[in-house]
Amino acid sequence: MKIDWSKTAFESKSTPTLQVVVNPQILRGSTMHDGTFAALKMLGADYVRYVPWLPYPKQAVAELDPPTKDKTSWNFKYIDPALEDFMKATEGHSVVMNFSTMPAWLWKTDKPVTYPDDPNQVYWEYTQGTELRDPSMKEAADYYARLLSWYEKGGFTDENGKHHESGHHYKFAYWEVLNEIDFEHHWTPEAYTKFYDAVTAAMLKVDPDIKFMAVSSASPRTHGQMYEYFLDPAHHAPDTHLDFLTYHFYASPPESEPFSAMQYTFFDQADGFLATARYIEQIKHRLSPNTKTDLNELGVILPEDSKSNRIPGYKAKPEPEGYWNLAGAMYAYIYIEGAKMGIDVLGESQLVGYPTQYPSVSMMNYNTAKPNPRFWVLKLLKDNFGPGDHMMETAEHNRDLAVQAFGTAKGKKILVINKRGVAQEITLPEGTAATSVSYVAPSTGDGQPGVKQMQGSKVQLEPYEVAVISVQ
């Protein structure tokens, strides 16, 4: 390892954070509720993304049936409790709201879209249609303006002139306009840009200070046309805010791949995503240089998750031993590389998953309701690094390790990631006086990061360990 503490290679702008997806296990009375929100509060992160979404229409859509001249169907009974708990747990920190699922009746469909009576019944068929029934998009924009007014202004007036009182007076820093638009409703660049302009203009009338996030690509490497069109200010109405661009990455190993090979697959796919990110960032800097970036879904989806989602009654195999540490190590690696390219926010996905709800993406142990190693890696990064850090010139010849030295407000630190499933050793540069190591490794299990005092210049690393070395 070589470090030049006198030379800054990059100045970090990057904030590590996470997303919270609404599902029955974060609801009051569930086995995971208390542990989940206690962990979220303890983390104290900013830019926390909150997403009620399509598998649970009653928990995600506030107006499930189209209004008539006689009545409307506005109902927050199944939406408010979890959001209230989320806002309490993140009090004092910025949040990103994303009510990504639109009322199905806003879309042209062959027949009316149904939804389960049970708010906790998973239902994957709610999001249908590719053309809005109101081409002006005012109908959809009004829906989102009323949502914002419900949470920030104490209520709203519905389509028939009736006032609905909420009692909420939250202040949201950010609102993301839809989710994975390349998959959900298959938006064209022209249609999404028009929609974004209409929705943000309506919401700014409710809250002139709110900022927006946009695009949220599921497959950014195939979405280049969207970035070229959407990021060009010439395609937007005057004074439109292009505050943040968002896109996602999940490593996805082949179904037949043994766990021993995933240590290579995860990092190889992460490198492919980072190459895509560099390309997207070049487009952004050319067309809209003041727009920031939030990589707000970063994680792994194992093949077992997809099988349990699509095959009724399928019992997924548990995640392999060591998986949670490997997935956490990959996120830490993307954090280093994202910070080098000036990414503003890097969000690990997601706080709560469990069988039938993407268990391999969870940051909580779904059997014990305790944080797992993916959560603790995020906590380790959040507690040690952030915007304003100086990323010092660092070199490490062992490609099975990722190493980056930081000059932080809390002192000199070295972030080390063991990318492999074998123990390794790293030797600190001559003259480097290290004092302690904080780490997440197989030996720490689901517990908080371990701390050990430094003795000598060599650091022993467990498989998939993420370590922060403090230096005098």
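Source: prediction; values computed, not measured. Numbers given for residues are sequential positions, taken from 1 along each chain in its written order. Under the rules for a predicted model, residues below a pLDDT of 70 receive no local features and side-chain atom pairs below 80 are neither given nor counted, while totals for whole chains, interfaces and linings still include all residues. Side-chain calculation: all heavy atoms of the structure are included, whereas hydrogens and water are not.

## Details of the pairing of strand β2 (residues 15-21)
1) Next: For every residue, the accessible area obtained with a 1.4 Å probe (protein chains only) is divided by the maximum for its type, and the residue is called buried under 20%, exposed over 50%, and partly exposed between those limits. The helix count covers DSSP runs of H or I at least four residues long, the strand count covers runs of E at least two residues long, and both are numbered beginning at the N terminus. Among the 7 residues that make up β2, 7 are buried, leaving the element largely enclosed by the rest of the structure.
2) Next: For two strands to pair, DSSP has to find at least two bridges joining them. Bridge count between β2 and strand β3 (residues 48-51): 3 bridges; the pairing is parallel. By the bridge assignment for β3, V21 is matched with V51.
3) Next: Call a crossover right-handed when, viewed with both strands pointing away from you, the route from the first strand across the helix to the second goes clockwise. Between β2 and its parallel partner β3, the chain crosses via helix α1 (residues 33-43), and the hand of that crossover is right-handed.

## Focus: the sheet that holds strand β18 (residues 434-440)
1) Next: Taken together, 7 strands build an open sheet; the order of strands is β1-β14-β15-β16-β21-β18-β19 and the sheet is antiparallel. Strands with a single pairing partner mark the edges of an open sheet, and in this sheet they are β1 (2-11) and β19 (450-453). The mean inter-strand angle of the sheet, taken between neighbouring strand axes irrespective of direction, is 25°.
2) Next: In this structure, β18 lies alongside strand β21 (residues 466-471), joined through 6 bridges in antiparallel fashion. Paired with Y439 across the strands is A467, a residue of β21. Orientation is described by lines fitted to C-alpha atoms, with helices fitted over the stretch in contact, and by angles between N-to-C directions that extend from 0 to 180 degrees.

## Description of the side chain of E319
1) Next: Here E319 shows up in the loop between α8 (303-310) and α9 (323-340).
2) Next: Although E319 is buried, it forms no salt bridge, and the closest oppositely charged side chain is R374 at an N-O distance of 9.7 Å.
3) Next: Within the local environment of E319, its side chain forms a polar contact with the side chain of Y366, the two groups lying 2.6 Å apart. We treat Lys and Arg as the positive residues and Asp and Glu as the negative residues; His and chain ends play no part in the count. Throughout this description, the term salt bridge denotes a Lys or Arg side-chain nitrogen within 4 Å of a carboxyl oxygen of Asp or Glu. Counting of polar contacts relies on pairs of N or O atoms within 3.5 Å, with two restrictions inside protein: one atom must be capable of donating a hydrogen and the other of accepting it, and residues adjacent in sequence are counted only when both atoms are side-chain atoms.

## Quick notes on unusual backbone geometry
1) Next: Cis geometry is found at the peptide bond from S349 to Q350, where omega equals -10°.
2) Next: Residue position: Q350 is located in the loop between β11 (345-348) and β12 (364-365).
3) Next: If you check the backbone angles, V215 has positive phi at about 85° while not being a glycine.
4) Next: Here V215 lies in strand β8 (residues 211-217).
5) Next: With phi around 60°, A369 is a residue other than glycine that occupies positive phi space.
6) Next: Structurally, A369 is set in the loop between β12 and β13 (370-371).

## Brief notes about the packing of helix α4 (residues 138-152) against helix α5 (residues 189-206)
1) Next: One can describe the packing of α4 onto α5 by two numbers: an axis separation of 8 Å at closest approach and a directional angle of 35°. The handedness of the crossing between α4 and α5 comes out as right-handed. Taken together, the residues of α5 that come into contact with α4 (itself represented by A140, A141, Y144, A145, L148 and S149) are F195, A198, V199, A202, M203 and V206.
2) Next: Any residue that is not Ala, Val, Leu, Ile, Met, Phe, Trp, Tyr, Cys, Pro, Asp, Glu, Lys or Arg is counted as polar, Gly included; the first ten are nonpolar and the last four charged. Classifying every residue of the contact of α4 with α5 by side-chain character gives 11 nonpolar, 1 polar and no charged. A clockwise turn of the near helix away from the far one marks a right-handed crossing, whereas an anticlockwise turn of less than a right angle marks a left-handed crossing. Any two residues whose heavy atoms approach within 4.5 Å at even a single point are treated as in contact.

## Section: the environment of Y144
1) Next: Topologically, Y144 is positioned in helix α4.
2) Next: For the pair formed by Y144 and H168, sequence separation is 24 residues and the distance between their alpha carbons is 16 Å.
3) Next: For Y144, the contacting residues outside a window of four places in its chain are F99, S100, T101, M102, W175, L178, F195, V199 and M203.
4) Next: A polar contact of 2.8 Å, which involves the side chain of Y144, links it to the backbone oxygen of F99.

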